[in-house]
Amino acid sequence: MADQTPLALTFDALEHIMKFTDNQTISAMMKTNHDLHYVGAKYLLDTDCVLLEDDRAVISWMACMESKGQYRYVFLRGLEFGMETLPESVARTLEQHLVAHSALLRITHLILRCSEPFLESNPALVEALAWTSTLKQLEMTSAGPLSSDVIRSTQSKLSMANLSMVSRRFDNSYVLTFQKPDATGDRDPIRLLRNSASTLQALRIDTSSFCSRSRYFSGEYDDVYPHLYRLELPDSVNGVTYSALLARAYPNLRVLHLKTRRLRYWKCDDYRESNIREQRTYAKWTELEAFRGPVADLYALAPQCPVKSLILIHMQYHYEERQLSIVLQDAKPRFLSLCGMYDRHFTGGFMDTIRSPYAAQIECLEFMLHLTLRTDAWREENLVCVASTPSDFPY
């Protein structure tokens, strides 16, 4: 009769199985064998960020981390709070937990999906989170004054920040005034992140608002971010962006994404002249790897340096051939992408604009077209004109 003794798996075999199974199975394995608690915790926490979606998940996470001698903090790399708010009692317990275990908490990545409402659950969470000294990456959405306090007071030296600042609350308890300098510095990235000035490498901030440039150029603020190479300002509310201000704060910038809210198109020539003049006086870049944004923003920004790649967006909304020809002459790009083109753009002087000498150095040209359901010979003729590439087109 065959031996019916169950096959006994070695500890090494069980650990190997954990590498390829899901969290639910790992938890079940840990319940059957206490010897698996340590190694099981390692695989349960083997993720960039542990996601806590509601107050029950927060309570469960705190209980898990405090059990078995609190050794599990060694495996924790990041936290993501996905809820909007917490009950007051849970928020208070979380704050006490973070403070009590601050010496053990060594996370490098923190995500607050609804940052301001979350911190309003218990404002003491601001100081509790600021105690963390090991953060490298910080992501916040719906961020406001309390979120800004976390950033200003953190003991961590960040290398990456992704921030989306509050523009308006439904209850009108916190409303930012557009088109005016940010007196508090809550949305001014130069002042807001000065604790990480020596380490920050990449920054994305929605609804940014820079302080009056006269305060920077007067020497009142002299923060410099020598290692920042990527800056994204997809919704700057100043009305115009000043290139000398950015060049002085971020002297080694390589990639810039910029879109200004409510840019006054009729004043673009004035903005451009002012930016060119201030770059000669204060600071300018020597070269940019890439720029992404509308033509008018780049025209007004007027960086006095080559830009290897231009990704010009929202061509369907506002674009002037004169501005396009000037930015091509200034930037001398090797790669040019025109996003949001309609067939009507391929008439008039457009083809002349992107021919030599304006685009003689371009090695790759990309069009992203808005195609309509209507087709006729006029549209087909213009699209074929682009596809066929005239003989004097320099690539």
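That block above? That's the structure.
Each chain carries its own residue numbering, running from 1 in the direction its sequence is written. Since the coordinates come from a predicted model, pLDDT governs what is reported: local features require at least 70, and pairs of side-chain atoms require 80 or more to be given and counted, while whole-chain, interface and lining totals use all residues. The side-chain quantities take in all heavy atoms of the structure and omit both hydrogens and water.

Chemist: Could you clarify how one ought to interpret unusual backbone geometry in this entry?
Modeler: Backbone geometry follows two general trends: most residues other than glycine have a negative phi, and most peptide bonds adopt the trans configuration. Phi is positive for T207, which is not a glycine, with a value near 55°. What counts as a helix is a DSSP run of H or I of at least four residues, what counts as a strand is a run of E of at least two, and both are numbered from the N terminus. Positionally, T207 belongs in the loop between β6 (202-206) and α10 (213-217).

Chemist: When you look at the nonpolar core in this model, what are you seeing that I'm missing?
Modeler: Grouped burial of nonpolar side chains is what soluble globular proteins tend to show. Core analysis: the largest hydrophobic core is formed by 91 residues, its most contacted members being F81, L94, Y250, L312 and L324. Tallying contributions element by element places helix α13 (residues 295-301) first for this core, with 6 residues. By convention a nonpolar core is built from buried Ala, Val, Leu, Ile, Met, Phe, Trp, Tyr and Cys residues, the set being connected through side-chain atoms within 4.5 Å. Remark: exposure states derive from per-residue accessible area (1.4 Å probe, protein chains only) relative to the maximum for the residue type, with buried under 20%, exposed over 50%, and partly exposed in between.

Chemist: Can you walk me through the environment of F217 in this structure?
Modeler: Looking at where F217 falls in the secondary structure, it is placed in helix α10. Spatially, the C-alpha atom of F217 lies 9.3 Å from that of R248, the residues being 31 residues apart in sequence. Here, residues are in contact when the closest pair of their heavy atoms is within 4.5 Å. Beyond its immediate sequence surroundings of up to four residues, F217 is in contact with A244, L245, R248, E278 and Y282.

Chemist: I would appreciate a short explanation of the sheet that holds strand β5 (residues 160-165) in the present structure.
Modeler: Backbone hydrogen bonds are what pair the strands of a sheet, in a parallel or an antiparallel way. The strand order across the open sheet formed by 12 strands is β1-β2-β3-β4-β5-β6-β7-β8-β9-β10-β11-β12, and the pairing between neighbours is parallel. Pairing within the sheet leaves two strands with one partner each, and these edge strands are β1 (50-52) and β12 (364-369). When strand polarity is set aside, the average angle formed by the axes of neighbouring strands in this sheet is 10°. A pair of strands is treated as paired once DSSP finds two or more bridges between them. Examined bridge by bridge, β5 and β6 share 5 bridges and lie parallel to one another. Note on definitions: angles span 0 to 180 degrees between N-to-C directions of axes, and those axes are lines fitted to C-alpha atoms, for helices only across the stretch in contact.

Chemist: Hey, could you run me through helix α5 (residues 88-100) in this one?
Modeler: Because each turn of an α-helix spans 3.6 residues, side chains separated by three or four positions in sequence point in the same direction. Expected span of a helix, by definition, is 1.5 Å for each gap between consecutive residues, and there is one gap fewer than residues. Counted at 1.5 Å a residue, the expected span for α5 with its 13 residues is 18 Å, and the 18 Å between its end C-alpha atoms agrees. Listed in full, the buried residues belonging to α5 are V90, A91, L94, E95, H97 and L98. Looking straight down α5, one finds its buried side chains confined to an arc of 165°; they lie on one side. More than 90 degrees from the buried face of α5, the exposed residues found are E88 and A100. For α5, the secondary structure elements touched by its buried residues are α4 (55-66), β2 (78-81), α6 (115-120) and α7 (125-130). Relevant arc is that of directions from the helix axis to the C-beta atoms, nothing else.

Chemist: Before we go on, may I ask you to explain the pattern of salt bridges in this structure?
Modeler: Close approach of charged atoms allows side chains with opposite charge to pair. Whenever a carboxyl oxygen of Asp or Glu lies within 4 Å of a side-chain nitrogen of Lys or Arg, that contact is scored as a salt bridge. Under the definition given, this model contains 15 salt bridges. Across the salt bridge formed by R152 and D149, the nearest N and O atoms sit 3.1 Å from each other. Taken as a pair, R152 and D149 lie in helix α8 (residues 145-153) at a separation of 3 residues, close to a single helical turn. Through salt bridges with shared partners, one network takes in R204, D206, R230 and E232.

Chemist: Is there a simple way to think about the pairing of β6 in this case?
Modeler: In the case of a regular strand, side chains alternate between the two sheet surfaces. The buried fraction of β6 amounts to 4 of the 5 residues, a majority that puts the element mostly inside the structure. Of the strand pairs in this sheet, β6 and strand β7 (residues 230-236) are connected by 3 bridges, and their pairing is parallel. For R204, the partnering residue across the bridge sits in β7 and is E232.

Chemist: Teacher, can you tell me more about the pairing of strand β8 (residues 255-260) here?
Modeler: Of all 6 residues in β8, 5 are buried; the element is thus mostly enclosed. Bridge count between β7 and β8: 5 bridges; the pairing is parallel. Across the sheet, S236 pairs through a bridge with T260, a residue of β8. Sheet topology note: the β8/strand β9 (residues 288-293) ladder contains 3 bridges and is parallel. Looking at β9, one finds that L256 is bridged to F291. Whether a crossover is right-handed comes down to one check: with the strands pointing away from the viewer, does the path from the first strand over the helix to the second run clockwise; if it does, it is right-handed. Following the chain from β8 across helix α12 (residues 268-281) to the adjacent parallel β9, one finds a crossover that is right-handed.

Chemist: Teacher, can you tell me more about the packing of α4 against α5 here?
Modeler: Describing two packed helices takes the angle between their axes plus the distance from one axis to the other. Where α4 meets α5, the closest approach of the two axes is 10 Å, and the angle between their N-to-C directions is 30°. In terms of orientation, α4 lies roughly parallel with respect to α5. For the crossing formed where α4 meets α5, the hand is left-handed. Residues D55, V58, I59, W61, M62 and E66 of α4 lie in contact with α5, whose contacting residues are V90, T93, L94 and H97. Gly is put with the polar residues, along with every residue not named as nonpolar or charged; the nonpolar set is Ala, Val, Leu, Ile, Met, Phe, Trp, Tyr, Cys and Pro, and the charged set is Asp, Glu, Lys and Arg. Here the contact of α4 with α5 is built from residues that sort into 6 nonpolar, 2 polar and 2 charged. Oblique is the label for any angle not under 35 degrees, not over 145, and not in the 65 to 115 range, which are roughly parallel, roughly antiparallel and roughly perpendicular in turn. Note: crossing handedness is left-handed where the near helix turns anticlockwise from the far helix by less than a right angle, and right-handed where it turns clockwise.

Chemist: Is there a simple way to think about the packing of aromatic side chains in this case?
Modeler: Note on aromatic pairs: each is described by the distance of the centres and the angle between the planes. Two rings belonging to Phe, Tyr or Trp (six-membered ring only in the last case) form a pair when the distance between their centres is within 6.5 Å. Interplanar angles under 30 degrees mark stacking, angles over 60 mark edge-to-face geometry, and anything in between is tilted. For the structure on display, the rule yields 2 aromatic pairs. When the centroid spacing of 5.3 Å and the interplanar angle of 55° are considered together, the rings of Y225 and Y250 count as tilted. With Y225 in the loop between α10 and β7 and Y250 in the loop between α11 (243-249) and β8, this residue pair connects regions lying 25 residues apart in the sequence. On the basis of relative accessible area, Y250 is assigned to the buried category, the value being 0%. Over the aromatic face of Y299 sits the side chain of R272, whose NZ or CZ is 4.8 Å from the ring centroid. To sit over a ring, a charge needs its Lys NZ or Arg CZ within 6 Å of the ring centre and within 35 degrees of the ring normal.

Chemist: Even after reading the chapter, I still don't get the side chain of S121, so can you show me in this structure?
Modeler: In this structure, S121 sits in the loop between α6 and α7. With a relative accessible area of 15%, S121 lands in the buried category. For S121, the side chain forms a polar contact with the main-chain nitrogen of L86, separated by 2.9 Å. Leaving out residues up to four positions away in the same chain, S121 has contacts with T85, L86, E88 and A91. Whenever two N or O atoms come within 3.5 Å, that pair is a polar contact, provided that in protein one can donate a hydrogen and the other can accept it, and provided that, for residues adjacent in sequence, both atoms are side-chain atoms.

Chemist: Whenever I open this one, the environment of D235 confuses me. Can you help?
Modeler: One can find D235 in strand β7. What makes D235 buried here is its relative accessible area of 18%. Those residues in contact with D235 that lie beyond four places of it in its chain are D206, T207, S208, K259 and R261.

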